[in-house]
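Each chain, written out:
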Amino acid sequence: MIVLLGVLVVVLGFATRRNPLLVVGVAGIVTGLLGKLSPVEVLRTFGESFASSRSVTIFAITLPVIGLLERNGLQHQARTLIGKLGTKLTTGRFLTLYLLLRQVTAAVGLQTIGGPAQSVRPMIAPMAEAATERRNQGRPLPEKVREKVRSHSAGTDTVGLFFGEDCFLAIGSILLITGLVNSTYHTHLEPLHLALWAIPSAVCAFFIHGGRLLRLDRTLERELVTANAQMAVEREDALDRSEEGGAAK
């Protein structure tokens, strides 16, 4: 049981907001040493684990590609596309469509087709912001509203992936559950059974989160009205102060 103190290291590291890579590395070293492994064996275990999971580092390839696409105007083109789709495509409706697309693609095994780096930052968030700016008559968005749109864009991607991927019978979580249940309880649980039972959860998640996204339009509209009114008052106050300063001179 003392080996489980490595989990405590992870909890404390994340609670104190330390670097995740450093926290996981230290937790692995602590767990290895408590498990009576020598420093050489701990290092060998790290190397073997990295070599057997090289696909985890695929982000090292995707991030430079996304950066080059953004530098050459990917976000600008995404904003332009939203402008051509008409005024009926609001921020909430656009994110609801993306939620459906994300769930469907995850359900057929295309989990990496989207994600914060691949789609949210370069395309989905700018398109959602452009839809909000159109409701704001083309004026720049207040920072609070912009951050809310971005957070809902990232949240939509997460919800779509989380509830859609379990409908795919070859996903790691499904295989882990079936393997653990079959070996522990000596049953014969098929991955297809779990995948089918995940479909109602995915449908409920779509309607619940889709409803939240549709209500987002009204929330953004109220916040834009408040922010614009506050900016107008601030401009009038600044103008009055400048006139008073000119009169004093």
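Residues numbered from 1 in each chain as written. Predicted model: local features only at pLDDT ≥ 70, side-chain atom pairs only at ≥ 80, totals over all residues. Heavy atoms only, no water.

## Things to note about the overall build of the protein chain
Across its full length, the protein chain holds 10 helices and zero strands. For the protein chain, the succession of helices and strands along the chain, N to C, is α-α-α-α-α-α-α-α-α-α. Put simply, the protein chain has 249 residues, and 29% of those count as buried. Summed over its atoms, the accessible surface of the protein chain is roughly 16400 Å², and 68% of this surface lies on carbon and sulfur atoms. (Helix = DSSP H or I, 4+ residues; strand = E, 2+ residues; numbered from the N terminus. Buried < 20%, exposed > 50% of the residue type's maximum accessible area, 1.4 Å probe, protein only. Areas by Shrake-Rupley, 256 points an atom, 1.4 Å probe, with all protein chains shown as cover.)

## Concerning the pattern of salt bridges
The tally for this structure, following the rule as stated, stands at seven salt bridges. Between Arg135 and Glu221 there is a salt bridge, and its shortest N-O distance comes to 3.1 Å. Placement of the pair is Arg135 in helix H7 (residues 116-135) and Glu221 in helix H10 (residues 191-248), with a sequence separation of 86 residues. The exposure class assigned to Glu221 is partly exposed, which follows from its relative accessible area of 44%. (Salt bridge = Lys/Arg side-chain N within 4 Å of Asp/Glu carboxyl O.)

## Looking at a nonpolar patch on the surface
A contiguous nonpolar patch, built from Ile2, Leu4, Leu5, Val7, Leu8, Val11 and Leu12 and spanning about 640 Å² of accessible area, is present on the exposed surface. Structurally, Leu4 can be placed in the segment before helix H1 (5-15). (Patch = residues over 30% accessible without salt bridge, like charges linked within 9 Å, V, L, I, M, F, W, Y side chains within 5 Å.)

## Structural notes on empty space enclosed by the protein
Under the counting rule described, the total for this entry stands at one cavity of 30 Å³ or more. A volume near 60 Å³ is recorded for the largest cavity. Along the walls of the largest cavity sit Thr90, Thr91, Thr132, Arg135, Asp217, Leu220, Glu221 and Leu224, which together make up its complete lining. Elements with a minimum of two residues in the lining of the largest cavity: H7 and H10. Residues belonging to the lining of the largest cavity are distributed by class as follows: two nonpolar, three polar and three charged. (1 Å grid on protein atoms, 1.4 Å probe; cavity = no way out; pocket = protein on both sides within 12 Å on 5 of 7 lines; lining within 4 Å. Points joined across faces, edges and corners; volume = space filled by probe spheres on them. Nonpolar A, V, L, I, M, F, W, Y, C, P; charged D, E, K, R; others polar.)

## So, the nonpolar core
Soluble globular proteins: nonpolar side chains tend toward being buried together. Core analysis: the biggest nonpolar cluster contains 23 residues, and Ile82, Phe94 and Leu95 have the highest contact counts within it. For this core, the secondary-structure elements that each account for two or more residues are helix H5 (74-84), helix H6 (91-107), H7, helix H8 (143-164) and H10. Residue contributions to this core peak at seven residues, all from H7. With near-sequence residues (within four places) excluded, Ile82 lies in contact with Leu89, Phe94, Met127, Ala130, Ala131 and Arg134. (Core = buried A, V, L, I, M, F, W, Y, C linked by side-chain atoms within 4.5 Å. Contact = heavy atoms within 4.5 Å.)

## Observations concerning a positive patch on the surface
Where like charges cluster on the molecular surface, the positive patch consists of Arg212, Arg215, Arg218 and Arg222. For Arg212, the location among the structural elements is in helix H10. (Lys, Arg positive; Asp, Glu negative; His and termini not counted. Charge placed at Lys NZ, Arg CZ, Asp CG, Glu CD.)

## Some thoughts on the packing of H6 against H8
Packed helix pairs are characterised by how far apart their axes lie and by the angle those axes make with each other. Orientation of H6 relative to H8, taken along the N-to-C sense of each, is 25°, at an axis distance of 7 Å. On the basis of the axis angle, H6 is roughly parallel to H8. By crossing handedness, the relation of H6 to H8 is classed as right-handed. Touching Thr91, Leu95, Tyr98, Leu99, Arg102, Gln103, Ala106 and Ala107 of H6 are Val149, His152, Ser153, Thr156, Asp157, Val159, Gly160, Leu161, Phe163 and Gly164, all from H8. Partitioning the contact of H6 with H8 into residue classes produces nine nonpolar, seven polar and two charged. (Axes fitted to C-alpha atoms, helices over the stretch in contact; angles between N-to-C directions. Parallel < 35°, antiparallel > 145°, perpendicular 65-115°, else oblique. Left-handed = near helix turned anticlockwise from the far one by under 90°.)

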